[in-house]
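# Structural description and commentary
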Amino acid sequence: MARSIILDCDPGHDDALALLLALASPEEIELLAVTTVAGNAPLARTSENARKLLTLAGRLDVPVYAGCARPILVEPAHAQAVHGETGLDGAELPPPRVPLADGHAVQAIVRAVMERPPGTVSLCAVGPLTNLALAVLLEPAIVPRLAEIVVMGGAIGLGNVTPAAEFNFWADPHAAAVVMGCGAPITLVPLELTHKVRLTPARLAALRALGTPLARVLADLLTFYDGRYRARGDQDGAALHDPCAVAWLVRPELFTGRRARVAIVTEPGLCRGRSVVDLRPPAPEDANALVLTEVDTEGFFALLLARLARL
Ligand code: BDR
Ligand code: CA
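The text that follows walks through the structure, step by step, so that each part is easy to find. Just so it is clear, the structure is predicted and the values come from calculations on it, not from any experiment.

Core analysis: the largest hydrophobic core is formed by 65 residues, its most contacted members being L31, V34, C124, L240, V246, F255 and F300. Top contributing element to this core by residue count: helix α10 (residues 213–231), with 9 residues. By size, the runner-up hydrophobic cluster in this structure holds 37 residues, among which are V110, I142, F169 and A260.

Quick look at the structure:
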């Protein structure tokens with residue numbers, strides 16, 4: 001039976017892939033809603049991008065709720081150096097035909113979790129965790145009702161936005177601390193995992209060769225994204241961070257992970273947003289996350305292409 005999920009995102013090229021993979025996987029995922037947050041670009045941009053992507057996929061039935069326009073305490077900072085001015089540069093997307101749904105994303109998350117039977121809703125977060133943190137604070141009773149929270153964020157070792165921190169956790173470290181400490185079952189998808197899932201010229205060509213209008217737009221978007229990685233000195237190709245979180249929900253057998261205690265540094269300075277991941281054996285009694293460490297990369301791309309071909 002398909003799992004009911006809410007995708008919280010800041011599209012974002014890799015967020016776009018996460019969303020499209022979820023839409024293309026109805027056997028495994030019932031997408032209840034998309035909630036947006038400021039992250040890769042300001043909130044108005046990420047919300048518009050989510051609406052455009054749903055329009056591109058012809059899924060006008062999925063509601064998009066706009067969420068938090070800024071982090072809890074730190075100053076807003078975006079990743080337009082990687083994703084371009086719009087947050088989704090590289091291709092012309094159709095004008096959005098999906099309106100923004102009424103109400104705030106945080107309230108929409110709380111409502112969906114409280115209205116549905118306990119243990120049936122999963123949250124999949126692939127941007128800064130501001131919306132999820134506020135939902136936990138607004139209605140703590142959602143926590144024991146959640147099936148799972150899947151978070152793309154953090155790093156065991158080297159970060160990407162600073163040596164110490166990964167972007168989503170750095171962009172709102174206080175939100176990351178609230179969510180990682182909330183007590184719900186959490187699967188963490190850190191940089192070490194997503195850096196195993198890179199674009200290559202052959203993978204881009206295979207996507208384009210699907211030949212559908214959507215695949216062509218996506219190939220143009222990802223060519224831009226890949227170019228930004230390479231221009232910034234990362235010749236291994238762009239990492240497809242966010243679709244890894246959705247792929248975990250679709251095909252968990254592609255991944256392996258280890259249970260660990262994960263804590264977040266919220267203090268300003270060199271280590272802001274750092275995730276301290278205690279992978280020392282044995283797994284501690286107070287482990288708060290399953291940290292994904294290995295992925296079948298070829299299996300991931302086979303899944304992604306097969307699913308995108310359906311759209
Ligand atoms: C994360 O940061 C964003 O730029 C990506 O969309 C991804 O969610 C990777 O650090
Ligand atoms: Ca993202």
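Here the calcium ion (ligand 2) is held by the protein donor atoms D10 (OD), D15 (OD), D15 (OD), V126 (O) and D242 (OD), which lie 2.3 to 2.6 Å from it. The motif formed by the donor residues of the calcium ion (ligand 2), counted along the single chain, is D-x4-D-x110-V-x115-D. Of this pair, D10 sits in the loop between β1 (3–9) and α1 (13–23) while V126 sits in the loop between β4 (121–125) and α5 (130–138), and the two are 116 residues apart along the sequence. V126 matches D10 in its accessibility class, with the two residues each being buried.

The buried count for β4 comes to 5 of 5 residues, which makes it a mostly enclosed element. Neither face of β4 is open: one carries V121, L123 and A125, the other S122 and C124, and all of them are buried. Direction of pairing for β1 relative to β4: parallel, over a ladder of 5 bridges. When the sheet's bridge partners are listed, I6 is paired in β4 with L123. Handedness of the crossover is the feature at issue here: the chain leaves β4, passes through α5, returns alongside strand β5 (residues 146–152), and the resulting connection is right-handed.

Taken together, D14, D15, N40, H83, V126, M152, N160, E166, F167, N168, H241 and D242 make up the full set of residues near ligand 1. Taking N160, its side chain carries an N or O atom lying 2.8 Å from an oxygen atom of ligand 1. For ligand 1, whose accessible area on its own is 280 Å², the fraction buried by protein is 96%. Using a 2 Å cut-off from the grid points, one finds that ligand 1 occupies the largest pocket. Counting only elements with at least two residues in the shell around ligand 1, the list comes to α1, α6 (167–171) and α11 (241–250). Its residues assigned to classes, the shell around ligand 1 shows 3 nonpolar, 5 polar and 4 charged.

Now for the layout of surface pockets. Approximately 570 Å³ is the volume found for the largest pocket. Around the largest pocket, the lining comprises 28 residues; the ones closest to its centre are V82, N160, V161, Y229 and R232. At the level of secondary structure, the elements contributing two or more residues to the lining of the largest pocket comprise α1, α3 (80–83), α6, α8 (191–194), α10 and α11. Split by residue class, the lining of the largest pocket holds 11 nonpolar, 8 polar and 9 charged. Counted as a void, the second largest pocket has a volume near 160 Å³. The wall of the second largest pocket is formed by I6, L32, A33, P63, Y65, A108, R111, A112, E115 and R116. Element by element, the count of residues in the lining of the second largest pocket is highest for helix α4 (residues 105–115), at 4 residues. Residues that form the lining of the second largest pocket fall into these classes: 7 nonpolar, no polar and 3 charged.

Turning to the packing of α1 against helix α2 (residues 43–56), a few remarks are in order. To characterise two packed helices, one gives the angle between the axes of the helices and the distance between these axes. Put simply, α1 and α2 touch, their axes get as near as 11 Å, and they point 40 degrees apart. On the basis of the axis angle, α1 is oblique to α2. When the axes of α1 and α2 are compared, the crossing they make is right-handed. The residues of α2 that touch α1, namely those facing A16, L19, L20 and L23, are A50, L53 and L54. Looking at the contact of α1 with α2 residue by residue, the classes come out as 7 nonpolar, no polar and no charged.

Bringing the side chain of T297 into the picture now. Mapped onto the elements of the fold, T297 is located in helix α12 (residues 297–308). You can call T297 buried: its relative accessible area is 17%. Setting aside anything within four residues of it in sequence, one finds T297 in contact with K196, V197 and R203.

What counts, and where the lines are drawn
Residues numbered from 1 in each chain as written. Chains lettered and ligands numbered in written order. Predicted model: local features only at pLDDT ≥ 70, side-chain atom pairs only at ≥ 80, totals over all residues. Heavy atoms only, no water. Core = buried A, V, L, I, M, F, W, Y, C linked by side-chain atoms within 4.5 Å. Buried < 20%, exposed > 50% of the residue type's maximum accessible area, 1.4 Å probe, protein only. Helix = DSSP H or I, 4+ residues; strand = E, 2+ residues; numbered from the N terminus. Donors = N, O, S within 2.8 Å, 3.2 Å for Na, K, Ca; no water. Pairing = 2+ DSSP bridges. Right-handed = clockwise from strand over helix to strand, strands pointing away. Near = heavy atom within 4 Å. Polar contact = N/O pair within 3.5 Å; in protein donor to acceptor, adjacent residues only side chain to side chain. Areas by Shrake-Rupley, 256 points an atom, 1.4 Å probe, with all protein chains shown as cover. 1 Å grid on protein atoms, 1.4 Å probe; cavity = no way out; pocket = protein on both sides within 12 Å on 5 of 7 lines; lining within 4 Å. Sits in = over half its atoms within 2 Å of the grid points. Nonpolar A, V, L, I, M, F, W, Y, C, P; charged D, E, K, R; others polar. Points joined across faces, edges and corners; volume = space filled by probe spheres on them. Axes fitted to C-alpha atoms, helices over the stretch in contact; angles between N-to-C directions. Parallel < 35°, antiparallel > 145°, perpendicular 65-115°, else oblique. Left-handed = near helix turned anticlockwise from the far one by under 90°. Contact = heavy atoms within 4.5 Å.

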